Amino acid sequence: IQARDALAKEVYSKLFDWLIGRINVSLAGDKKAKIKKEDTSIIGVLDIFGFETFDYNSFEQLCINYCNEKLQYHFNEHIFSLEQKAYKEEGIDVSQITFADNQPTLKMLEEKKKGIFAQVDEEMTVPRGSDQTLLTKISKQHDKHPAFRKPGVKTNYERESFTVVHYAGPVMYNTTGFLEKNKDKLSDDLEKVITGSKSEFVSKLIPASAGGKKTGRGTMSGKTSIGSKFKNQLNALMQTLNATEPHFIRCIKPNDEKEGNIFTAQMVIDQLRYAGLLEVCRIRQIGYPVRKEFKDFYRRYNPTIKPGVKDVKALTARLEADGLLPKGEYQLGKTKVFMRNGPYNELEAAREIALKDQAILLQSYARRFIMRARYLKYAKTIAAMQDGMAKRDYEKLKSAIQDAGDLPHGGKHLTVFADAQKVLRRLEEEMAAVKLLTDAIEKRDYSLLMGAIGRCEEMKFSPPEVKKAKDLKKLIEEERAAVKALAAAISARKLDDLKVAMDKVSKLKKTDCDEWKQAETLKKRLLEEEEATKAVEAAAKSRDLDKLKAALAKTTEMGVKNPAVEAGERIKKEILAEQQMEDDGEAEKIAAEREKKVAETKKLLKEAAASEDEEKIKEAKQKVLEMGVSGSEVDKLLGAAEKMAGNKEIVEQLNGAYETMNSKAKSQNGIEKPMLAPLTAAVSAAKAAGFDDSSEEFKRADELLERMKGQLVAQEELKKALASGDFDQLKSAMERGQELSMATSDLQAVIDKVRSMDQERPHEHKPREEVDMDEDEFERQRKENMAMASHERYNFRKYFRIRADGDYVKNTYFNKKRVLEAKLSYQKTQIPRSIIELDKDLNKVAVAVHKSLLGYCGEQMMSFPATLAQDILIKGLEQPELVDEIYVQICKHLTNNPKPESVGRAWQIMCMCVGTFPPSSDFEYYLLNFLIEHLLVPGLVGNYARYSLRRLEGMLIRGASGFVPNIDEILAYKERPPILATIELVDGTPLTEDLPITPDLNVDKVLEICTHFLSLKDARASSFGIFVKDSPLQEGDAMPEGAAASAYSAARLENTDEHGAKKGEEQIKITEDGPQRTPRPLRGKDFMGEVVVQMTRQRRHLSFVFKRKLFLPNADKASDDPVYSRLMYLQAADEVIGGNIPIMKEADVVELTSIAIAADSEKFPSTEAALIEAELMEYIPVPWRPKKTEQNWARAVLASRGKVASKSLDFLQNKYVEKACKLPLYGMSFFFVRKEQGGPDMIAAISHEGIHFLSVSRVLRQTFKYSDIHRWGGSSTQFWLLVWDAKKNTKARMALFTSQARDMSALILDYALLAAEKPAAKKK
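Keep in mind that this is a model prediction, so the values were computed, not measured.

**Let's talk about the packing of helix α2 (residues 59–90) against helix α4 (residues 116–125)**
(1) Moving on: Between α2 and α4, the least distance of the axes is 12 Å, while the angle of their chain directions is 145°. Where α2 crosses over α4, the handedness of that crossing is left-handed. Residues Phe59, Leu62, Cys63 and Tyr66 of α2 touch α4, and the partners they reach there are Ile116, Phe117 and Val120.
(2) Moving on: In the contact of α2 with α4, the residues fall into 7 nonpolar, no polar and no charged.

This is the structure we're talking about:
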């Protein structure tokens, strides 16, 4: 056994040596290159075993400790030589420095002939040598050596041992087995075995033995002992070490338990001692361990004396004189000062005191500078406010008030600040009043002018615009009076009055009014009537019959009736009588023609009045004046037209009163009841005139009036709340004021008070308790929340906890205006402080949250964006006080953000947040309002908003999830969008409506949710799947809600349109030239979000259907689970009625139809008419419907009524499924395919048996069992099979054209996996 072990060890040793040699040759590069030895360099790492001392120490420990002793000597010699060299270079006397030399110990161990190792070798050659005789000889030889101790006498172990005092301490070595362990046990015979090996490699591991004389003990003189080998190898190592520049690393083991945070002091001290480090420290300590270069020494310690000196010698002299550097404790070298530790520590302490004094001095100057700068800044801000008030400079005053945020307490305790705010609000009111005046002057709106002038008078404000407005008002009044007089003259039809009125209007340059045009027409008409009348009078006077006839014809044509015309008519008759002539009747013809035109004019006027078209009324009125039509009917119609003109004035009054009141409502002082009088009067007048909410002007004026009445009440509530100081009362009054969009100083004071008290009061963010409610109650509460949140008051910018502008830009010294502009809108830089008021610590966290938000949204280059999003969610969950701040930051980032990619990322964060934690009860309506505003935004944003709203609504009512997505789930948001999925059963009944599906949920997980919703307990539930039914969008069709996520992912948003197509490229469209598409079975690893994106890009409608996907043999037995039974019945009925499963016999059609009607009806119809009314034909399979009339089908089904009418629902459903299972194509999934791209359609049906090819009429043509299919696959357009052709006895490839190739491949794989699982299940 010893020989065997020796051989194994020797072979292992030689193999190790060979391997080292090979590695060195490989590292050396070209083996043939000749490199001189002096040109070679090495870098070596020597990892040695440490000093060993155990309860039992033998020959192995002696070798190890001898090696450590040798290396320690090298270490001591190197360290001491470095010390000596350093002192020598600087000229320092170190004659008194000594160190412990372990050379005697090494000599005792390795000395030739007399050393312990030599004695062990010698004892091996001595006849009858033994371990005991060896111990005796060693003790005798080294008895008086200081590093040797004789064997003890107390125990056998001590009597058989000697002790060596090493540098690390004494070690007792037991000599038992020394000689045996020192032997090289590989005999000559074993060497010959190796060298004689047939393997050339093995034979060369050991060179051939050189031979030698045999000793009496059978050892060869040419062999060396283990000890000699070890000593020779160690000497070779030391030669290498001595030729190198060594660097030492000492590893200290802190404890034996191998655990962290445990430090065993004694164990560490022992290791430091064994490693010789304590000796090194001693050497350094008795010398001068602290060395400082002159420059460094002078710089560090010159401040310790006052006054300072110029050089190091003077400095050391002063320090020595001051007792800080005692004589003999330091020496000056050539470039350094050498010190011992004591003086060095005292110098350092003195330096710290000196630096502290200097630091205090510097701090005092710095504090003085800072406080003076602050004072000057404060003074400048106050002076700016005072100057702004004095000069009434709006921009300067506004800027100064913003700067007041840097004042203590935001300047709120200063009278000048309060006065400045009042003046600023006054200036804003004055600016609003001037704008109102300017608008009224530009519009020449009399009602608006009256209101604007009245507003200025109420404010006791008289800008230059007031005089202009008053002058314009006076002018308008004169114009109106002149126009009114003109209208009266038109009505009176008096030429002289008309001329006077027209002259006055002309002087006022108001000839652009409608009355002027009418007056001109009437004037022309009156002049024509006057001329015609004079012609009649002249002809009558001359009694010229022809002239008289002509003159009278003219007046008849014009419809003029007056005494002169009547006299002319009498004279005409007299002349005709005198001349015995008959009247030619021409006058009657002219009169008839006139009546016709008058009738047409009246009709035109009537139509215009009925249409209430202002232009038509003007045109008709002009025609009346031209024709000279008059009478009660005409007056009535003209009265209606006048009423419209009056309505126009009422509208003007409403608009004027509205604008004026709206301006008053924005006053910092609020409104008073008398101020409502003009608006009240205008609304009352409008109501009296028949106005209602159909008039937009009346509606908004009436709403404003009601709001102003509410404001009067709210103003009182604000005053009472301020007086009470109660938080709840203040908050209620504030919300009421915000709801009315008030801008009074009292409201601002209440907001400030609420904000201040909100900071002081404790915030208890209790988790929302889950509320148990039914769907109807949930829907009712959801609608109430939506209605409430839709109000303008809940715009997130109006949240009362948002910091005031001055507070937000506090300590911001540059670009304050730009910082304020971006306070509640997108910015790509970090915010200066939290947006809502938070304490100091949370403020820092809020700024860090915004940095993470910018990093995730890609505004700043940061590593691992998913971890940034997760950090935001964790902070919001662990620190509820931050939740509102997080939501406000997201809303801010999404406001006016021009970057689509950044918008997409921010909405992703929103989706995650609303699924993790709810906002506070204070902020929930503000967040809902933000989401509602974005619901109708097209594309990705609208989809995100709908998803976020749905998640948030559920959380607000049913409680928070507290779930933080992991990194993979967050990364999924970059791959696909979250969606709201409506999943239906085969009959169209919704299984889930708007179910929020996060991007990480694949179809398998959604199926688990569906089975949970259905309480589906049958073991065959795993065979169900989700199918996608899709159809192309027609022109003009809207995209389905929730599907506008096609612009995904966010990284591609910038180059896509709202449908996800690349800009400048045509959208993806699936042509309908290929085979038809059937419902697509989704794989378990598919993601529904990706399906939505794909279908949207292809502009196709889609719906998700939950139904059975896999049908295995002998797996259709009736179930005890009623849900499973119902699902199977619905699916079987859908397949049969839709014609997917053909029925060959009419009797089977009648039986299945009667079963289905009985299952779906509470009472089976008893008459043919009742059956038809119950939509009988919807139950007849589609292929069979044309074969009979409704009446004939009803008659046939009614004949089967008795067999099914009294049966239970379970029996009927199971019976239907049982019948359907027997049909040949039951349980198959159908796909339309083509052999050639333009060829006819055929059907590929996949079942648990294999693939069946059918005609379109469902006639079986060919079947390939799975055992015949070697491989299969699919692309976007082709499905292929590699099948075994039994006739040709070879494999054949079949390719088919279809857009559902991947669906077919996945379904075959599902069946193949099930087939593989089945034998495994049987074995179990």
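**What to know about a nonpolar patch on the surface**
(1) Moving on: A surface patch of nonpolar side chains, about 910 Å² in accessible area, is lined by Tyr12, Leu15, Phe16, Trp18, Leu19, Ile20, Ile23, Leu27 and Phe201.
(2) Moving on: Sorting elements by how many residues they give to the nonpolar patch places helix α1 (residues 2–28) first, with 8 residues.
(3) Moving on: Assignment of secondary structure puts isoleucine 20 in helix α1.
(4) Moving on: Using a relative accessible area of 37% as the deciding quantity, one classes isoleucine 20 as partly exposed.

**Here we look at the nonpolar core**
(1) Moving on: In terms of nonpolar packing, the biggest core is built from 86 residues, with Ile983, Ile1026, Met1088, Phe1104, Phe1106 and Tyr1216 touching the most fellow members.
(2) Moving on: Per element, the largest residue contribution to this core is 9 residues, and it comes from helix α43 (residues 1122–1138).
(3) Moving on: Here phenylalanine 1104 is in contact with Ala981, Thr982, Ile983, Glu984, Ile1026, Phe1027, Val1028, Leu1082, Met1088, Val1091 and Val1092, once residues within four sequence places are set aside.
(4) Moving on: In terms of nonpolar packing, the next biggest core, distinct from the first, is built from 78 residues, Phe727, Met742, Leu949 and Leu952 among them.

**Notes on helix α46 (residues 1190–1199)**
(1) Moving on: Residues of α46 that are buried include every one of Trp1193, Ala1194, Ala1196 and Val1197, and no others. Angularly, the buried residues of α46 cover 165° about the axis, an arc narrow enough to put them on a single face.
(2) Moving on: Elements in contact with the buried residues of α46: α44 (1146–1160), α45 (1168–1173) and α47 (1201–1204).

**Remarks on a negative patch on the surface**
(1) Moving on: Together, Asp692, Asp693, Glu696 and Glu703 line one region of the surface with negative charge.
(2) Moving on: Positionally, glutamate 696 belongs in helix α28 (residues 696–724).

**A few points about the packing of α44 against helix α48 (residues 1209–1221)**
(1) Moving on: Where α44 meets α48, the axes come as close as 9 Å, and the angle between the chain directions of the two elements is 150°. Comparing their axes, α48 and α44 come out roughly antiparallel. For the pair α44 and α48, the sense of crossing is left-handed. Facing Asp1148, Glu1151, Leu1152, Ile1155, Ala1156, Ala1158 and Ala1159 of α44, the residues of α48 in contact are Leu1209, Leu1212, Lys1215, Tyr1216 and Lys1219.
(2) Moving on: By residue class, the composition of the contact of α44 with α48 is 8 nonpolar, no polar and 4 charged.

**As for helix α13 (residues 294–301)**
(1) Moving on: All buried positions along α13 are accounted for by Phe297, Arg300 and Tyr301. An end-on view of α13 places all buried positions within 75° of arc, on one side of the element. Set apart from the buried face of α13 by more than 90 degrees, the exposed residues are Lys295 and Arg299.
(2) Moving on: At its buried positions, α13 is contacted by β4 (290–293), α14 (312–321), β6 (336–339) and α15 (341–391).

**Overview of the pattern of salt bridges**
(1) Moving on: In total, this model carries 65 salt bridges according to the counting rule given.
(2) Moving on: The salt bridge involving arginine 780 is made with glutamate 784; its shortest N-O contact spans 2.3 Å. Separated by 4 residues within a single helix, arginine 780 and glutamate 784 lie in helix α31 (residues 775–789), roughly one turn from each other.
(3) Moving on: The exposure class of glutamate 784 is partly exposed, given its relative accessible area of 43%.
(4) Moving on: Several salt bridges converge on common partners, so that one network encompasses Lys377, Asp403, Asp406 and Lys816.

**Remarks on the sheet that holds strand β9 (residues 1024–1032)**
(1) Moving on: With mixed pairing, 5 strands are arranged side by side in an open sheet as β8-β7-β11-β9-β10. Lying at the two open borders of the sheet, with one neighbouring strand each, are β8 (990–997) and β10 (1080–1081).
(2) Moving on: Two strands pair when backbone bridges link them, and β9 and strand β11 (residues 1100–1108) are joined in this way by 9 bridges, in the antiparallel orientation. Each bridged residue has a counterpart across the sheet, and for isoleucine 1026 the counterpart in β11 is phenylalanine 1106.
(3) Moving on: Running over the sheet, helix α41 (residues 1003–1014) touches β7 (979–984), β8, β9 and β11 and is turned about 135° from β8.
(4) Moving on: In this fold helix α42 (residues 1088–1097) packs onto β7, β8, β9, β10 and β11, with an angle of close to 145° to the strand it touches most, β11.

**Topic: the environment of leucine 1281**
(1) Moving on: Considering the arrangement of structural elements, one finds leucine 1281 in strand β17 (residues 1278–1285).
(2) Moving on: Spatially, the C-alpha atoms of leucine 1281 and lysine 380 are 87 Å apart, while their sequence positions differ by 901 residues.
(3) Moving on: Each residue touching leucine 1281, except ones within four places of it in the same chain, is listed here: Ile1251, Phe1253, Ile1269, Arg1271, Trp1272, Ala1292, Arg1293 and Met1294.

**A closer look at the sheet that holds strand β16 (residues 1269–1274)**
(1) Moving on: The strand order across the open sheet built from 3 strands is β16-β17-β18, with neighbouring strands paired in antiparallel fashion. With partners counted over all chains shown, the strands left at the sheet margins are β16 and β18 (1290–1297), one partner each. Averaged over all pairs of adjacent strands, the angle between strand axes in this sheet comes to 15°, irrespective of strand direction.
(2) Moving on: Bridge count between β17 and β18: 8 bridges; the pairing is antiparallel. Across the sheet, the residue bridging to tryptophan 1284 is lysine 1291, located in β18.

**A word on the pairing of β16**
(1) Moving on: As paired elements, β16 and β17 share 5 bridges and run antiparallel to each other. Looking at the pairing, isoleucine 1269 lines up with valine 1283 of β17.
(2) Moving on: The turn joining β16 and β17, which pair antiparallel and follow one another in sequence, is formed by 3 residues.

**A short note on the environment of glutamine 653**
(1) Moving on: Considering the arrangement of structural elements, one finds glutamine 653 in helix α26 (residues 632–665).
(2) Moving on: Of the residues examined, glutamine 653 reaches a relative accessible area of 34% and is grouped as partly exposed.
(3) Moving on: C-alpha separation for the pair glutamine 653 and tyrosine 446, spaced 207 residues apart in sequence, amounts to 8.2 Å.
(4) Moving on: Each residue touching glutamine 653, except ones within four places of it in the same chain, is listed here: Ser447 and Ala682.

Each value, and the rule that gives it
- Residues numbered from 1 in each chain as written.
- Predicted model: local features only at pLDDT ≥ 70, side-chain atom pairs only at ≥ 80, totals over all residues.
- Heavy atoms only, no water.
- Axes fitted to C-alpha atoms, helices over the stretch in contact; angles between N-to-C directions.
- Helix = DSSP H or I, 4+ residues; strand = E, 2+ residues; numbered from the N terminus.
- Left-handed = near helix turned anticlockwise from the far one by under 90°.
- Contact = heavy atoms within 4.5 Å.
- Nonpolar A, V, L, I, M, F, W, Y, C, P; charged D, E, K, R; others polar.
- Patch = residues over 30% accessible without salt bridge, like charges linked within 9 Å, V, L, I, M, F, W, Y side chains within 5 Å.
- Areas by Shrake-Rupley, 256 points an atom, 1.4 Å probe, with all protein chains shown as cover.
- Salt bridge = Lys/Arg side-chain N within 4 Å of Asp/Glu carboxyl O.
- Buried < 20%, exposed > 50% of the residue type's maximum accessible area, 1.4 Å probe, protein only.
- Core = buried A, V, L, I, M, F, W, Y, C linked by side-chain atoms within 4.5 Å.
- Arc of directions from axis to C-beta.
- Lys, Arg positive; Asp, Glu negative; His and termini not counted.
- Charge placed at Lys NZ, Arg CZ, Asp CG, Glu CD.
- Parallel < 35°, antiparallel > 145°, perpendicular 65-115°, else oblique.
- Pairing = 2+ DSSP bridges.

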